[in-house]
Amino acid sequence: MGKIRKIGVLTSGGDAPGMNAAIRGVTRTAIFNGLEVVGIRHGYQGLIDANFIPLEASSVSDIIQRGGTILKTARCEAFKTPEGRAQAYNKLKEAQIDGVVVIGGDGSFTGARIFNEEYDIPFVGIPGTIDNDIFGTDYTIGYDTALNTVVEAVDKIRDTASAHNRMFFVEVMGAEAGFIALYSGIATGAEAILIPEIKGEQRDLKKMIENGNLRKKSSNLIIVAEGETEGGAFAIAEKLKHEFTGYDIRVSVLGHLQRGGSPTAIDRVNASRLGHAAVEALIDDQKSVMVGLSNDEIVLVPFRRAVKQNKEVDLSLLDLARILSV
Ligand code: F6P
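Since the structure is predicted, the reported quantities are computational estimates derived from the model, not experimental observations. (Residues numbered from 1 in each chain as written. Predicted model: local features only at pLDDT ≥ 70, side-chain atom pairs only at ≥ 80, totals over all residues. Heavy atoms only, no water.)

What the rule picks out here adds up to 10 aromatic pairs. On the basis of an interplanar angle of 15° and a centroid distance of 4.4 Å, the ring pair of Y89 and Y119 is categorised as stacked. Residue Y89 is found in helix α3 (residues 82–94), and its partner Y119 is found in the loop between α4 (106–118) and β5 (123–127); the two are separated by 30 residues along the sequence. Grouped by ring-pair contacts, the aromatic residues Y44, F79, Y89, F115, Y119 and F123 constitute a single cluster. (Phe/Tyr/Trp six-rings, centres within 6.5 Å; stacked < 30°, edge-to-face > 60°. Helix = DSSP H or I, 4+ residues; strand = E, 2+ residues; numbered from the N terminus.)

Written as C-alpha cells, this is what we have:
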C-alpha cells in the first residue's frame, strides 16, 4: 500500500443516476484495501465546511438502485476562489484525508485540476453527468438512464401526437451537447433532431415540410437539444410556426425528470467499475486524472485533457436518423 490511508469522496454539479453506485464502489474498494473512507457532503462546499461523515461498508448498503446522491451535491462558487481552495486544503489536512475522489462533470474537474496544481493532496475524478459530454471517456454515469427515461417519455408523447395528428417539439437536456437528443431521436424514430453541433437543421426542417416528408405522417416528433437555440423548443416552435401552417403544434419540455430515477443496469455496472478504478488510481499515486471507459476498458485521462477538449458527437448518426425517418 502507498501513502494513502484515508480518502474522501464527493459528488459535485448536477446529480446523475448511478452516482450512488459509484459512491458504493469507492467505499467498498477502499475498505477492501484497508483504507478509511469519509463522505464529503454537498460537493466542494462540504470540503470548505468540513462537512464530513465516516463511511463504513454498511453506510452504502441498499443504495446501488437509487437515483440522486446520498452525499448531496452542489455547484460551489467558493471553491473557484484561492481562499476557498485554501480552506478546503486546511480542512482536508485537519481530517488527515490523503486523497479525494470527485464524481462530477467538467466544471467539477476544472476545480479539481486547479486544486492539484496548488496543493499536494491528490484528486481523482469519475465522470458523472447525464450529458455524456466529457472528452476522453465513451461513457459518463447517468447518461444511459437519462436516455432511457427520455425514450420512455417520448414514446408516450408519440401516442398522443398520433391520436391528434399533431406535431411536437420535445426539448431534452444535455447542456451544450446533443448526445441525449441524437440518441433519443434515433431510438424513438423522431422525424427530425436539432442539436447544437449542427447548424442549419431548422432550415432543413422547412425543406422536409416542402418535400412532404413530414406532411404524410399522422404525427411528427422533433427532438430539440436544450443547447440548440436560446429559448429552446418554445423559441424554435414560435420561430417556425408560420412555416407549419396546417399543423397542430405542441411543445413539451421534459426537464429535470431526466435526471432522476433508478439507474439502469449499465449505469450501475459502469459506476461500480469506475468507483473501483478511482480508488486503485489513488493507491497507485495518480493525481489530477479522471478514470473513464474507452472501448469498454478503464482509462486514465488527465483532467487538463478531459476539460479542455470537446467530445464530438458522431454526425453520421444524424444522417442515419434522416434516412430512417422519412
Ligand atoms: O449537466 C446536467 C444538466 O442536467 C444539464 O443537462 C442541464 O442543462 C443542467 O444540468 C441543468 O442544471 P440545473 O439543475 O442547475 O437547472
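Turning our attention to the environment of A57. For A57, the location among the structural elements is in the loop between β3 (52–54) and α3. In this structure A57 comes out as partly exposed when scored by relative accessible area, which is 34%. Distance from A57 to G43, taken between C-alpha atoms, is 21 Å for residues 14 residues apart in sequence. For A57, the residues in contact, after removing those within four places along its chain, are R28 and I31. (Buried < 20%, exposed > 50% of the residue type's maximum accessible area, 1.4 Å probe, protein only. Contact = heavy atoms within 4.5 Å.)

Let's shift gears to the layout of surface pockets. Roughly 590 Å³ of volume is contained in the largest pocket. Lining the largest pocket are 30 residues; nearest its centre among them are G13, G14, R75, G107 and S108. For the lining of the largest pocket, the element with the most residues is α4, which contributes 6 residues. Of the residues assigned to the lining of the largest pocket, the class counts are 8 nonpolar, 12 polar and 10 charged. If you trace the second largest pocket, you find 14 residues lining it, with E176, A177, E197, N310 and K311 closest to the centre. Among the residues making up the lining of the second largest pocket, the classes are represented as 6 nonpolar, 2 polar and 6 charged. (1 Å grid on protein atoms, 1.4 Å probe; cavity = no way out; pocket = protein on both sides within 12 Å on 5 of 7 lines; lining within 4 Å. Points joined across faces, edges and corners; volume = space filled by probe spheres on them. Nonpolar A, V, L, I, M, F, W, Y, C, P; charged D, E, K, R; others polar.)

Taken in spatial order, the 4 strands make up an open sheet running β7-β8-β6-β9, and their pairing is parallel. Strands at the two margins of the open sheet, each flanked by one partner only, are β7 (192–194) and β9 (248–253). Strand-to-strand twist in this sheet, taken as the mean axis angle between neighbours without regard to direction, amounts to 20°. Those strands touched by helix α8 (residues 232–240) are β6 (166–172), β7, β8 (220–225) and β9, and its axis lies near 145° from that of β6. (Pairing = 2+ DSSP bridges. Axes fitted to C-alpha atoms, helices over the stretch in contact; angles between N-to-C directions.)

Moving on: the sheet that holds strand β11 (residues 297–302). Read from one edge to the other, the open sheet built from 7 strands follows the order β3-β2-β1-β4-β5-β10-β11, with strand pairing classed as mixed. The open sheet has two free edges, formed respectively by β3 and β11, since each of these has just one partner strand. Each neighbouring strand pair of the sheet contributes to a mean axis angle of 30°, computed without reference to strand direction. Inspection of the sheet shows strand β2 (residues 36–40) paired to β3 by 3 bridges, in the antiparallel sense. By the bridge assignment, V38 is partnered in β3 with P54.

A word on the pairing of β2. Along β2, 4 of the 5 residues are buried, which leaves the element largely enclosed by surrounding structure. Pairing of strand β1 (residues 6–11) with β2, which is carried by 4 bridges, proceeds in the parallel orientation. Looking at the pairing, G8 lines up with V38 of β2. The parallel pair β1 and β2 is bridged by helix α1 (residues 19–32), and the resulting crossover is right-handed. (Right-handed = clockwise from strand over helix to strand, strands pointing away.)

Turning next to the packing of α3 against α4. Following both chains from N to C, one finds α3 and α4 inclined at 70°, their axes separated by 11 Å at the closest point. Overall, the two elements α3 and α4 adopt an arrangement that is roughly perpendicular. Of the residues in α4, those touching α3 at R85, A88, Y89 and L92 are I114, F115 and E118. Partitioning the contact of α3 with α4 into residue classes produces 5 nonpolar, no polar and 2 charged. (Parallel < 35°, antiparallel > 145°, perpendicular 65-115°, else oblique.)

Tracing the backbone through its elements, the reader meets D296 in the loop between β10 (289–294) and β11. Sequence separation between D296 and I223 is 73 residues, and the spatial gap between their C-alpha atoms is 29 Å. For D296, the contacting residues outside a window of four places in its chain are D138 and R273.

With that settled, consider the nonpolar core. Core analysis: the biggest nonpolar cluster contains 63 residues, and I7, V101, I103 and I126 have the highest contact counts within it. With near-sequence residues (within four places) excluded, I103 lies in contact with V9, L10, T11, S12, M19, A22, I23, I126, G128 and I141. Grouped together as the second largest cluster of nonpolar side chains are 25 residues, A88, A95, V100 and I134 included. (Core = buried A, V, L, I, M, F, W, Y, C linked by side-chain atoms within 4.5 Å.)

Read these as layout, nothing more, since geometry by itself doesn't imply function.
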